[in-house]
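# Report on the structure
Take a look at the letters that make up each chain.
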Amino acid sequence: MTTTDKVIAVDRMPAELAPIIAALCEVGRDVAGIIAKGPLAGALGAGVGENLGGDQQKALDVIADDMFAERLKSTGVRYYASEEQDDVVELNPDGNYALAIDPLDGSSNIDVNVSIGTIFAIFEAADGADESFLRTAREQVAGGYIIFGPSTALVVTFGDGTQMYTLDPETREYVLTNERMSIPETSLEFAINASNYRHWSKPIRAYVDDCLAGDTGPRDRNYNMRWVASLVAETHRILTRGGVFLYPGDARPGYERGRLRMIYECAPIAFLIEQANGKATDGCDAILDQKADTLHARTPFVFGSAEKVDRVATYHDLPDEEVSALFGQRGLFRG
Ligand SMILES: O=P(O)(O)OC[C@H]1O[C@](O)(COP(=O)(O)O)[C@@H](O)[C@@H]1O
Ligand SMILES: [Mg+2]
Ligand SMILES: [Mg+2]
């Protein structure tokens, strides 16, 4: 049995990618161990700098980035693009793959013992570093995340369904626990950071107004709202029990295209969601049909149950009088 076999059963993934996934799983296991120690591991949530995107870097952001980059050097990853580094780094000049990573997603939750994660997208390496990543998101050969929560799990797709592997803390192996995830259609949950309400566009306000109006509004049923502020945790909930997530663009300076990054956040999550029968858009158009024009480019992001994501898009098509109307007068969706 090779080291790779001990980390994760490899029979379900393309052979060339298996060593990369095994490396991600190994580091994920180590990062999970650090997170589980909480304050015993030091000040993991302490601010240590700022990344190119203007986000504050926490100690664990940098630790996780260093660990992934170091371990991936001995795999087929040629180009490594990280949220925590301004430019692409060449890891293995002989490698055939390009890997983009958000080493630690949900950094604001490090100190409060709430689920966080690592998100990754893998492409075949192109001729140059930037060219390997600035391409249509549908060209990913794998996308996934590792969630560090009450349990640690890898959720991954290679384009044939979305699989979940759960880390068994006793054997230290990732065990297949869901071979084909499918987003339930029936959830009545939506997720959005409602503190930004006043900055949203009219269609987003109208959509949320109608959810909030519950059975007194045009949707005629009551909804529940969730906001963890960890994209990985929100994705895991939606893959498990349905719902919709929105991080739209808004009127705050720098947030015209929302907050989330196309290449290492939205593209891989969109791949997982589509492979689990859901949809992922920028509010209107599929994320997987788009490409970033810079490494750290942002995009508005809406994903979840297909019917809910489609509904968000219809609000963008409504005439201005309709989206501006109080929900009581908004006629198109009643009944
Ligand atoms: O604090 P806000 O604006 O609600 O943003 C929360 C979002 O920001 C993120 O934390 C951004 O990711 P990072 O923690 O990797 O920077 C997402 O996980 C989450 O969905
Ligand atoms: Mg993130
Ligand atoms: Mg991050």
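The protein carries the name Fructose-1,6-bisphosphatase class 1 in an unreviewed UniProt entry, which gives Marimonas arenosa as its organism. Under the UniProt heading Catalytic activity (unreviewed entry), the entry covering the protein gives this text: "beta-D-fructose 1,6-bisphosphate + H2O = beta-D-fructose 6-phosphate + phosphate". Reading the Sequence similarities (unreviewed entry) entry of the UniProt record for the protein gives the comment "Belongs to the FBPase class 1 family."

## Points about the site of ligand 1
If you check the shell around ligand 1, you find 16 residues, and the closest are Asp 105, Gly 106, Asn 193, Leu 231 and Tyr 247. Between ligand 1 and Asp 105 there is a distance of 2.8 Å, counted from an oxygen atom to a side-chain nitrogen or oxygen. Here an oxygen atom of ligand 1 sits 3.1 Å away from a polar atom, N or O, in the side chain of Glu 265. When ligand 1 is considered free in solution it has 470 Å² of accessible area, and contact with the protein chains removes 89% of it. When residues in the shell around ligand 1 are grouped by element, the largest group, 3 residues, is from strand 5 (residues 97–105). Looking at side-chain class alone, the shell around ligand 1 contains 6 nonpolar, 4 polar and 6 charged residues. Composition of the shell around ligand 1 by domain shows at least three residues from each of domain 1 (3–178) and domain 2 (189–329).

## Let's talk about the environment of Leu 72
In this fold, Leu 72 is placed in helix 3 (residues 59–72). For Leu 72, a relative accessible area of 1% translates into the label buried. Leaving out residues up to four positions away in the same chain, Leu 72 has contacts with Ile 20, Ala 23, Leu 24, Val 77, Tyr 80, Leu 91 and Leu 99.

## A word on the UniProt feature "domain: Fructose-1-6-bisphosphatase class 1 C-terminal" (unreviewed entry) in the protein
Within this numbering scheme, the UniProt entry marks residues 183–316 as carrying the feature "domain: Fructose-1-6-bisphosphatase class 1 C-terminal" (unreviewed entry). Spanning residues 183–316, this segment combines 36% helix with 13% strand, and its end C-alpha atoms are found 24 Å apart.

## Some remarks on the pairing of strand 8 (residues 152–157)
Taken across its 6 residues, strand 8 has 6 buried, putting it largely inside the fold. Going residue by residue along strand 8, you find Thr 152, Leu 154 and Val 156 tucked away on one face and Ala 153, Val 155 and Thr 157 tucked away on the opposite face as well. Where strand 7 (residues 142–148) and strand 8 come together, 6 bridges link them in antiparallel fashion. Note on strand 8: the bridge partner recorded for Ile 146 is Leu 154. Between strand 7 and strand 8, which pair antiparallel in sequence order, lie 3 residues.

## Details of the UniProt feature "domain: Fructose-1-6-bisphosphatase class I N-terminal" (unreviewed entry) in the protein
Following the UniProt record, the feature "domain: Fructose-1-6-bisphosphatase class I N-terminal" (unreviewed entry) maps to residues 15–179 here. Taken end to end, residues 15–179 is 24% helix and 36% strand, and its first and last C-alpha atoms sit 18 Å apart.

## A few points about the pairing of strand 9 (residues 162–168)
Looking along a regular strand, one sees the side chains alternate between the two faces of the sheet. Most of strand 9 is tucked away: 5 of the 7 residues are buried. Here 5 bridges tie strand 8 to strand 9, and the two strands are oriented antiparallel to one another. Each residue of the ladder has a partner; that of Leu 154, found in strand 9, is Tyr 165. Between strand 8 and strand 9, which pair antiparallel and follow one another directly, the connecting turn spans 4 residues, one of which, Gly 159, has a positive phi of 95°. In the sheet, strand 9 pairs with strand 10 (residues 173–178) via 5 bridges, with the strands oriented antiparallel. The residue of strand 10 that forms the bridge with Thr 166 is Val 175. What sits between strand 9 and strand 10 in their antiparallel hairpin is a turn of 4 residues, with Arg 172 showing a positive phi close to 65°.

## Quick look at the coordination of the magnesium ion (ligand 3)
Donor atoms from the polypeptide that bind the magnesium ion (ligand 3) are Glu 83 (OE), Asp 102 (OD) and Leu 104 (O), placed at 2.1 to 2.2 Å. Ordering the donors of the magnesium ion (ligand 3) by residue number gives the pattern E-x18-D-x1-L. For Glu 83, a relative accessible area of 10% gives the class buried.

## Observations regarding the confidence of the model for the protein
Per-residue confidence for the protein gives a mean pLDDT of 93; residues scoring 70 or more make up 94%. Counted against residues more than four places away or in other chains, residues 1–5, with its pLDDT under 50, gives 6 contacts.

## Comments concerning the environment of Ile 34
Structurally, Ile 34 is set in helix 2 (residues 18–37). Counting along the chain gives 105 residues from Ile 34 to Glu 139, while the straight-line C-alpha distance between them is 33 Å. Beyond its immediate chain neighbours, meaning those up to four positions away, Ile 34 contacts Ala 41, Leu 44, Leu 60, Ile 63 and Met 67.

## A few points about a negative patch on the surface
Together, Asp 86, Asp 87, Asp 127, Asp 130 and Glu 131 make up a region of like negative charge exposed at the surface. Since its relative accessible area comes to 56%, Asp 87 is described here as exposed.

Calculation rules
Residues numbered from 1 in each chain as written. Chains lettered and ligands numbered in written order. Predicted model: local features only at pLDDT ≥ 70, side-chain atom pairs only at ≥ 80, totals over all residues. Heavy atoms only, no water. UniProt positions renumbered as here; feature names shortened; annotations may be inferred. Near = heavy atom within 4 Å. Polar contact = N/O pair within 3.5 Å; in protein donor to acceptor, adjacent residues only side chain to side chain. Areas by Shrake-Rupley, 256 points an atom, 1.4 Å probe, with all protein chains shown as cover. Helix = DSSP H or I, 4+ residues; strand = E, 2+ residues; numbered from the N terminus. Nonpolar A, V, L, I, M, F, W, Y, C, P; charged D, E, K, R; others polar. Domains from an automatic or database assignment. Buried < 20%, exposed > 50% of the residue type's maximum accessible area, 1.4 Å probe, protein only. Contact = heavy atoms within 4.5 Å. Pairing = 2+ DSSP bridges. Donors = N, O, S within 2.8 Å, 3.2 Å for Na, K, Ca; no water. pLDDT = per-residue confidence, 0-100. Patch = residues over 30% accessible without salt bridge, like charges linked within 9 Å, V, L, I, M, F, W, Y side chains within 5 Å. Salt bridge = Lys/Arg side-chain N within 4 Å of Asp/Glu carboxyl O. Lys, Arg positive; Asp, Glu negative; His and termini not counted. Charge placed at Lys NZ, Arg CZ, Asp CG, Glu CD.

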